[in-house]
Amino acid sequence: MSCHEIEALRLGLMNVLGTEDRSAREHAEKELEGHLDGPIEALANAETLSEIERHLDAALVDLEAEVAATDPDDPAYGYVRGRLVAVRDAERAVHRLTDQGESVLDGLGEAHDVLHETFPVEE
């Protein structure tokens, strides 16, 4: 078994961050072989943080349905629930990344305003 959501998220983040680590990309692609469809495929191909958040949310909905459909006596039940916990944790990490990026943008806007207030430019 593999955690397809996490590997797809890794690929999406590599796209967004411009990561050139060929071996990491190949590893993730191999893990996802035969499973690239629906939200997993969309997540792996995401090119923005907002796309990642949207597709990760859809993947979580599918994973929650998988957990609900799995018999608690099934030997895989614990693993499926563990995947859900890991993917929810990853979702929080992506939200933090987005929030931090937006904070940097806000800070740059404030710095720009302060510069113009301190050194007014007459046109």
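Conventions and cut-offs
- Along every chain, residues carry numbers that run from 1 in the direction the sequence is written.
- Given that the model is predicted, a residue must reach a pLDDT of at least 70 before its local features are reported, and side-chain atom pairs must reach 80 or more before they are shown or counted; all residues, however, enter totals for whole chains, interfaces and linings.
- Calculated side-chain values reflect all of the structure's heavy atoms, with hydrogen atoms and water omitted.
- Patch membership requires over 30% relative accessible area and the absence of a salt bridge. Like charges are linked within 9 Å, and nonpolar side chains (Val, Leu, Ile, Met, Phe, Trp, Tyr) within 5 Å.
- Accessible areas in this description were obtained via Shrake-Rupley with a 1.4 Å probe; residue shielding takes into account the shown protein chains only.
- Any Lys or Arg side-chain nitrogen located within 4 Å of an Asp or Glu carboxyl oxygen qualifies as a salt bridge.
- For the purpose of charge, His is not counted, nor are the chain termini; Lys and Arg are scored as positive and Asp and Glu as negative.
- Every charge is mapped to an atom, namely NZ of Lys, CZ of Arg, CG of Asp or CD of Glu.
- Labels follow the DSSP assignment, with helices taken as runs of H or I lasting at least four residues and strands as runs of E lasting at least two, numbered in each case from the N terminus.
- To sort residues, take the accessible area from a 1.4 Å probe on protein chains only and compare it with the maximum for the residue type: under 20% means buried, over 50% means exposed, and anything in between is partly exposed.
- One less than the residue count of a helix, multiplied by 1.5 Å, gives the span that helix is expected to have.
- It is the directions from the helix axis to the C-beta atoms whose arc is reported.
- Residues count as neighbours in contact if any of their non-hydrogen atoms are within 4.5 Å of one another.
- Every axis in this analysis is a line fitted to C-alpha atoms, fitted for helices over the stretch in contact. Angles between the N-to-C directions lie between 0 and 180 degrees.
- By convention the crossing between two helices is left-handed if the near helix lies anticlockwise of the far one by an angle smaller than a right angle, and right-handed if it lies clockwise.

Per an unreviewed UniProt entry, the protein chain goes by the name DUF3209 family protein and belongs to Halobellus litoreus.

**Quick look at a negative patch on the surface**
A surface patch of like charges, here negative, comprises Asp 99, Glu 102, Asp 106, Glu 110, Asp 113 and Glu 117. On the secondary structure map, Asp 113 appears in helix α5 (residues 77–118). For Asp 113, a relative accessible area of 44% corresponds to the partly exposed category.

**Regarding the environment of Glu 31**
Position of Glu 31 among the secondary structure elements: in helix α2 (residues 22–32). By relative accessible area, Glu 31 is classed as partly exposed at 31%.

**Quick look at the environment of Ala 68**
Tracing the chain through its elements places Ala 68 in helix α4 (residues 49–69). Residue classification places Ala 68 among the exposed positions, given a relative accessible area of 67%.

**Digging into α4**
An α-helical turn contains 3.6 residues, so a residue and the one three or four places further along point in the same direction. Over its 21 residues, α4 runs 30 Å from end to end, which matches the ideal 30 Å to within 8%, given 1.5 Å per residue. Turning to α4, its buried residues are Ile 52, His 55, Leu 56, Ala 59, Leu 60, Leu 63 and Val 67. The buried residues of α4 occupy an angular sector of 155 degrees when projected down its axis, which confines them to one face. Opposite the packed face of α4, turned more than 90 degrees from it, sit the exposed residues Arg 54, Ala 68 and Ala 69. Contacts made by the buried residues of α4 are with α1 (4–17), α3 (38–44) and α5.

**A look at the packing of α1 against α2**
Packed helix pairs are characterised by how far apart their axes lie and by the angle those axes make with each other. Between α1 and α2, the least distance of the axes is 9 Å, while the angle of their chain directions is 145 degrees. At the point where α1 passes α2, the crossing takes the left-handed sense. Here α1 contributes His 4, Glu 7, Ala 8, Arg 10, Leu 11, Met 14 and Asn 15 to the contact with α2, which in turn contributes Ala 24, Arg 25, His 27, Ala 28, Glu 29, Glu 31 and Leu 32.

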